[in-house]
Amino acid sequence: MAGNTINGIHFQITQDPPPVQGTVLDGWRVAMLLWLGRDTFIGKVNGNSFNMTLAGTNALTNGNCTYKLNATMNGDTNGGTINGTIEYTEVNTNNDPACLPGCITRQAFTGSRTSETCP
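Remember, predicted model here, so these are calculated numbers, not experimental data.

Draft legend 1. Representation of the pairing of strand β2 (residues 20-24) within the structure. Burial analysis of β2 places 4 of its 5 residues in the buried class, which makes it a mostly covered element. In this structure, strand β1 (residues 11-14) lies alongside β2, joined through 4 bridges in antiparallel fashion. Across the sheet, residue Ile-13 finds its bridge partner in β2, namely Gly-22. In this antiparallel pair of consecutive strands, β1 and β2, the connection spans 5 residues. Pairing geometry for β2 and strand β3 (residues 40-46), over 4 bridges, is antiparallel. Directly across from Thr-23, in β3, lies its bridge partner Thr-40.

What counts, and where the lines are drawn
Residues numbered from 1 in each chain as written. Predicted model: local features only at pLDDT ≥ 70, side-chain atom pairs only at ≥ 80, totals over all residues. Heavy atoms only, no water. Buried < 20%, exposed > 50% of the residue type's maximum accessible area, 1.4 Å probe, protein only. Helix = DSSP H or I, 4+ residues; strand = E, 2+ residues; numbered from the N terminus. Pairing = 2+ DSSP bridges.

So, in structure tokens, the structure goes:
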């Protein structure tokens, strides 16, 4: 539903070595695996901005339409905050005309940025 908020989704971003990777953690990791078939976004950083993609592998259906979802995450960091959007795009896998071409769902996110240094 539009306007709903979900709190407490943990997402770990690492960049050692590049490319940057973002992994959904905890219970939401299971949801991503069931929904998209993967839990890790891969992309690049440019200054305080980042762009990551996740190519879905799970076949989903809606009537006669069979599709997969790809996700693109764009975000910015500013001090201790991180925010941006995730776009989920349907990719028609059976060329059925019932599929909505390029249907996109957008999700905004905001969160806290913490730094951890490994010994």
